[in-house]
Amino acid sequence: MRDVCREKKERFYIGRIVYPDDSFFNGLNVTTYDNSQILGHFGPSTTAFSYAVYIPIFAMLAFLPLGLKLGKQIKVRTMILSVSFLSLLFNTASLFAPTIAWFVLCRSLLAIVSIIGIFASMVPILLKYNPALNMALMYGIFQFIQKGSQHLYQYLGAHFVSFHNWTFGIYFLNVNFLICIILAWYFYRADVAPLKTKFQFDWRGWIILILFFTIILFLCAEGQTRNWFNDPKITLASAVLFIVAGIYLLHVRFTEEPLINPDVYKFKNVIPGAFLMFYIGIMNGTGSVVTGYMTNVLGFDPVLGAVTHLSLLIGLCISIPLSTYLLYKRIYLATIWVIGFACYGMYHIILFFRFYPGIDASDFYLPLIFKGLGMGFLFPVSLLYISEGIPPFLSTSRMMTGIIAQAVFASLLGSAVLGTFISNMNVQHKTGLSQQLSPINKQAENQLENSKRQFLYMGLSDAEAQKKAEKSLSNQTSQASILLAYKDIYLVMSAVCFLPIFIILIFKLWRRPIGRVEVEPIPI
């Protein structure tokens, strides 16, 4: 009886501070707004900088399965403190990096230990909300912590960077990890590993997975600059990608517990769930267009852009608790899907009408609130749906399937492809607009003459005034062409968002509540 009481006490003390710890390890997002300053500091080429952006992300994704194992094997308090100290070390080392390569190495190591810290912080919530009836609550809590802290850290990071330069963001992150150390030292009274099992890891499958991610990293970083399949190296890399997938399938036949077990695809919800997560990742990935619109077209500074994006939190604070409550009360899945897709559709269609120069930051609040609503309704239900009925020994396979579908193919590779589409459409619109700049177009001719007259009044010669006027008109054409490209993307995406609603209603899909979820839950 005394042992049982001691075990309950240990679990109580472990679980008290997990929510802050999880959000603190999510603080890596603080560096989102300092990319331009880092580019100016190290002066890398465009391709090298693309790798600098992508490598830490892929390092984090590659270490997800190993981080999950380590997060359960080592004592929670020891793990949290160790990861916090290592985070301080790697983060501080990035300040003294002499080249972009060393900087990327430090950021990658920081990303790796951060993801291990996140998994270690999950353990107390797993213990508290593990019963099947409470899965919706647990997934909602995690999504609220992760999504909310991400945007809050981006806001704080933009302010700290604006005080001086990009190094202030690094110092802020150090303070963040110091607070994490203090909280873990004080609140994690018992140092136990309650989920510890026999350590068994598919090292060979993990190496194949890293090779798979490396090829996708190459495609993301250089696909657009090499014009995709017009370059033989891109074609070769795509072919090797299928070969690596084939090698992994061969590896699975000779491994008892593979990292991604193909048996998970025998469950009828996994493939549709992975497709839905891919679909949501595609819809969510257009946020980079809005960021580019704010900075490149409207001239917003990073702080104003971060403040504007805080409106996402309003939508998240409404939708995640509401969707969690509905899931807990066993509402039909179709209801939540329809609401979520409708919110994303409203986000895209409202912004379609707001792509014009000179609009105010307040014009972005409403569409971004709708995006936050869509995120809160779709992310928890998609994670619960793909986990439905999956046995515990396939939980890692299910997790990696969803992550590869949503994060790797939709968000990372999809964003690279989206950038190519925007560039191509921008060229097409600019060509069409430039063809209209002729003596036949009286409006353009009058505007050119007015601009030239203004430059002449400023004291320029006739030739210089003509050149300046033509450049001014060309700049206006460039801005108009990129706005037209943005409008095209968001008009198509609004249709993409509303399409699933008609499919769900016509074919009467998911008219049932969420089923039993008993896997080792990894709600990310």
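How each quantity is defined
- Residues numbered from 1 in each chain as written.
- Predicted model: local features only at pLDDT ≥ 70, side-chain atom pairs only at ≥ 80, totals over all residues.
- Heavy atoms only, no water.
- Helix = DSSP H or I, 4+ residues; strand = E, 2+ residues; numbered from the N terminus.
- Buried < 20%, exposed > 50% of the residue type's maximum accessible area, 1.4 Å probe, protein only.
- Contact = heavy atoms within 4.5 Å.
- Areas by Shrake-Rupley, 256 points an atom, 1.4 Å probe, with all protein chains shown as cover.
- Phe/Tyr/Trp six-rings, centres within 6.5 Å; stacked < 30°, edge-to-face > 60°.
- Axes fitted to C-alpha atoms, helices over the stretch in contact; angles between N-to-C directions.
- Parallel < 35°, antiparallel > 145°, perpendicular 65-115°, else oblique.
- Left-handed = near helix turned anticlockwise from the far one by under 90°.
- Nonpolar A, V, L, I, M, F, W, Y, C, P; charged D, E, K, R; others polar.
- Core = buried A, V, L, I, M, F, W, Y, C linked by side-chain atoms within 4.5 Å.
- pLDDT = per-residue confidence, 0-100.
- Expected span 1.5 Å × (residues − 1).
- Polar contact = N/O pair within 3.5 Å; in protein donor to acceptor, adjacent residues only side chain to side chain.

Peer 1: Tell me about the overall build of the protein chain, residues and numbers included.
Peer 2: Of the regular secondary structure elements, the protein chain holds 20 helices and zero strands. Sorting the 524 residues of the protein chain into buried and exposed places 52% on the buried side. For the protein chain, contacts bridging at least 24 residues in sequence account for 86% of all contacts bridging at least 6. A total accessible area of about 24,400 Å² is found for the protein chain, and carbon and sulfur atoms account for 66% of it.

Peer 1: Can you explain the packing of aromatic side chains? Please cite residues and give values.
Peer 2: For the coordinates displayed, the defined rule picks out 23 aromatic pairs. Ring centres of Tyr54 and Phe58 lie 6.4 Å apart, and the angle between their planes is 55°; this geometry places the pair in the tilted category. Of this pair, Tyr54 and Phe58 both sit in helix H4 (residues 46-62), four residues apart, which is roughly one turn of the helix. As far as the burial class goes, Tyr54 and Phe58 line up, both buried. Taking the centre distance of 6.1 Å and the plane angle of 80° together, the rings of Phe300 and Phe364 count as edge-to-face. Residue Phe300 is found in the loop between helix H13 (287-297) and helix H14 (302-309), and its partner Phe364 is found in the loop between helix H16 (333-352) and helix H17 (365-387); the two are separated by 64 residues along the sequence. The pair Phe300 / Phe364 is uniform in exposure class, with both members buried.

Peer 1: Can you break down the environment of Ile115 residue by residue, with the values?
Peer 2: Turning to its location among the elements, Ile115 is positioned in helix H7 (residues 100-129). Owing to a relative accessible area of 5%, Ile115 belongs among the buried residues under this scheme. Through-space distance from the C-alpha of Ile115 to that of Leu64 is 6.7 Å; in sequence the pair is 51 residues apart. Discounting chain neighbours no more than four positions away, the residues touching Ile115 are Met60, Phe63 and Leu64.

Peer 1: Any details on the packing of helix H12 (residues 270-284) against H16? Residues and values, ideally.
Peer 2: The geometry of H12 relative to H16 is characterised by a closest axis approach of 11 Å and an angle of 25° between their N-to-C directions. Of the possible angle classes, the one that applies to H12 and H16 is roughly parallel. Seen from above, H12 lies across H16 with left-handed handedness. Counting all contacts with H12, which are made through Leu276, Tyr279, Ile280, Met283 and Asn284, the residues of H16 involved are Trp337, Phe341, Tyr344 and His348. The class makeup of the residues in the contact of H12 with H16 is seven nonpolar, two polar and no charged.

Peer 1: Give a description of the nonpolar core that names residues and reports values.
Peer 2: In a soluble, globular protein the nonpolar side chains are often hidden away together inside. Counting residues in each nonpolar core, the largest one holds 125 residues, and the members touching the most others are Phe213, Trp337 and Phe364. If sequence neighbours within four positions are ignored, Phe213 has contacts with Phe58, Leu61, Ala62, Met400, Ile404 and Val408. Within the second largest apolar cluster, eleven residues are counted, among which are Ile38, Phe42, Ala52 and Phe103.

Peer 1: Give a description of the environment of Ser395 that names residues and reports values.
Peer 2: By the secondary structure assignment, Ser395 is in helix H18 (residues 395-435). By relative accessible area, which is 2% here, Ser395 ends up buried. Taking the C-alpha atoms as reference points, Ser395 and Leu259, separated by 136 residues in sequence, lie 9.9 Å from one another.

Peer 1: Describe the confidence of the model for the protein chain, and please don't skip the residues or the numbers.
Peer 2: Per-residue confidence for the protein chain averages 80 on the pLDDT scale, and 81% of its residues sit at or above 70. Note on residues 1-22: pLDDT under 50 across the span, and 39 contacts to partners over four residues away in sequence or across chains.

Peer 1: Provide a residue-level description of helix H11 (residues 232-252), including the pertinent values.
Peer 2: The first and last C-alpha atoms of H11 sit 30 Å apart over 21 residues, in line with the 30 Å expected at 1.5 Å per residue. In the core, the buried residues of H11 are packed alongside helix H10 (203-222). Its side-chain oxygen 2.9 Å from the backbone nitrogen of Lys233, Asp231 forms the N-cap of H11.

Peer 1: Describe unusual backbone geometry, listing the residues and the values that go with them.
Peer 2: With the exception of glycine, most residues fall at negative phi, and the peptide bonds are largely trans. Residues other than glycine seldom take positive phi values, yet Trp228 does so here, at roughly 50°. Structurally, Trp228 is set in the loop between H10 and H11. Taking the relative accessible area as the measure of exposure, Trp228 reaches 13% and is therefore buried. Of note in the backbone geometry, Arg330 takes a positive phi value of approximately 60° without being a glycine. In this fold, Arg330 is placed in the loop between helix H15 (311-328) and H16.

Peer 1: Provide a residue-level description of the environment of Val307, including the pertinent values.
Peer 2: Mapped onto the fold, Val307 is located in helix H14. Relative accessible area serves as the criterion here: at 30%, Val307 is assigned to the partly exposed category. Separated by 54 residues in sequence, Val307 and Ala361 have C-alpha atoms that sit 9.1 Å apart. With residues up to four places along the chain from it excluded, the contact list for Val307 reads Tyr155 and His159.

Peer 1: A description of the packing of helix H8 (residues 135-163) against H17 should follow, citing residues and the corresponding values.
Peer 2: In a pair of packed helices, the angle between the axes and the distance between the axes together describe the arrangement. Two elements in contact, H8 and H17, have axes whose closest approach is 10 Å; the angle formed by their N-to-C orientations is 135°. Between H8 and H17, the crossing angle belongs to the class labelled oblique. For the pair H8 and H17, the sense of crossing is right-handed. Residue-level contacts link Met135, Ala136, Tyr139, Gln143, Lys147 and His151 of H8 to Met375, Phe379, Pro380, Leu383, Leu384 and Ser387 of H17. In terms of residue class, the contact of H8 with H17 is made up of eight nonpolar, three polar and one charged.

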